[in-house]
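Read off the chains here:
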Amino acid sequence: MGAEARFKRYALGELLDHELYLALAARERNERNRRLLEELARDELKHYEFWSRLSGPVQLGLRERVKLSLLLTLSRVAGKTFTIKLLERGEASTVSEYKRATAELEGELAAELARVIGDEERHESELASSLDELAVRQLGSIALGVSDAIIELTGVLAGFAGYTGSPVQVAAAGLIVGVSAALSMAAAAYSQAKHERGKSPPTAAAFTGLFYMLTVLALVAPLLLGVPTSLGVALSLVCALAILAAFSFYSAVVMERPFLREYLENAAVIMAVSLVGYAFGQAVKELTGGVP
């Protein structure tokens, strides 16, 4: 690909980011967040103007418009911080290309490109991290609810599956344990938040309890489909791993840390807990003679 074609691609990317930040700012009600998004939009416009001086003016085509629509939809579902940081995560290779392009430029153009690279590497990430979003502020509470529910419920469901062959009884046990644990975890989150500066105890309790309960319902649901117990528990385990993957990826993007290693470690723990729980259920069944 020639230099002009690459510069045009860079300009299109910066223009797309500019349009994204403008659209996010236009629907933002929080004044501080709106100013941050407008600042990001101005930065991207400056970057676009730099590349367009080298490539000529460009306009967003159908492909870029579709991508913009998808990003805006994602921001409504997963939040602005996640969407912006996911976009930046995918642009790491672009920054590397910018650095290589420095060798093709001279004088003031090379110096200006260095400033663009500095913006991409530092300024935008800092601004994105400054956005105030409830889900991001309560990420710890959400993590507490989701991770504890997954680990505890997979063990409980596997244990009862080893003890009884009835999927309804396994599901009932999961719901009873899950609801009780959700209330207990919400109370624990409330007490913990009282000792942490800047945290709202009722909000922390609500997020922990709610996400714990939602996870419980998701894990129990496969056992209510009328399938054999072994298949229901297997589907529940698949659901647990999928929820863990989704949450781990979200957290990894927002917190700017690696995803795969942490996910695989947690997945291994879940598999181990399930196997031990099932074996323990079988042992109890042998000792007690099973369900009367």
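Since this is a predicted model, take the numbers as computed values, not measurements. (Residues numbered from 1 in each chain as written. Predicted model: local features only at pLDDT ≥ 70, side-chain atom pairs only at ≥ 80, totals over all residues. Heavy atoms only, no water.)

Trainee: What is the right way to read helix α12 (residues 260–288) from this model?
Mentor: In an α-helix there are 3.6 residues to a turn, and that puts residues three or four apart on one side. Given a rise of 1.5 Å per residue, 29 residues ought to cover 42 Å, and the 42 Å separating the end C-alpha atoms of α12 matches this to within 8%. Buried within α12 are the following residues: Tyr-263, Ala-267, Ile-270, Ser-274, Gly-277 and Gly-281. At its buried positions, α12 is contacted by α8 (139–163) and α11 (229–255). One or two steps after α12, the chain reaches Gly-289, where phi turns positive at roughly 90°. (Helix = DSSP H or I, 4+ residues; strand = E, 2+ residues; numbered from the N terminus. Expected span 1.5 Å × (residues − 1). Buried < 20%, exposed > 50% of the residue type's maximum accessible area, 1.4 Å probe, protein only. Contact = heavy atoms within 4.5 Å.)

Trainee: I would appreciate a short explanation of a nonpolar patch on the surface in the present structure.
Mentor: A surface patch of nonpolar side chains, amounting to about 330 Å² of accessible area, comprises Leu-175, Leu-210, Leu-214 and Leu-217. At 3 residues, the largest contribution of residues to the nonpolar patch is made by helix α10 (residues 201–220). (Patch = residues over 30% accessible without salt bridge, like charges linked within 9 Å, V, L, I, M, F, W, Y side chains within 5 Å. Areas by Shrake-Rupley, 256 points an atom, 1.4 Å probe, with all protein chains shown as cover. Salt bridge = Lys/Arg side-chain N within 4 Å of Asp/Glu carboxyl O.)

Trainee: Got a minute to help me understand the packing of aromatic side chains in this structure?
Mentor: Each aromatic ring pair is summarised here by two numbers: the centre-to-centre distance and the angle between the ring planes. Applying the stated criterion across every chain yields a total of 11 aromatic pairs. Between the aromatic rings of Tyr-10 and Tyr-98, the centroid separation amounts to 5.0 Å while the plane-to-plane angle is 70°, which identifies the pairing as edge-to-face. Taken together, the residues span a long stretch of sequence, with Tyr-10 in helix α1 (residues 3–26) and Tyr-98 in helix α5 (residues 92–101) at a distance of 88 residues. Across the pair, exposure class does not vary: Tyr-10 and Tyr-98 are buried alike. Their ring planes at 90° and their centres at 5.6 Å tell us that Phe-249 and Phe-259 sit as a pair that is edge-to-face. Taken together, the residues span a long stretch of sequence, with Phe-249 in helix α11 and Phe-259 in the loop between α11 and α12 at a distance of 10 residues. Residue Phe-249 is classed as partly exposed on the basis of its relative accessible area of 30%. (Phe/Tyr/Trp six-rings, centres within 6.5 Å; stacked < 30°, edge-to-face > 60°.)

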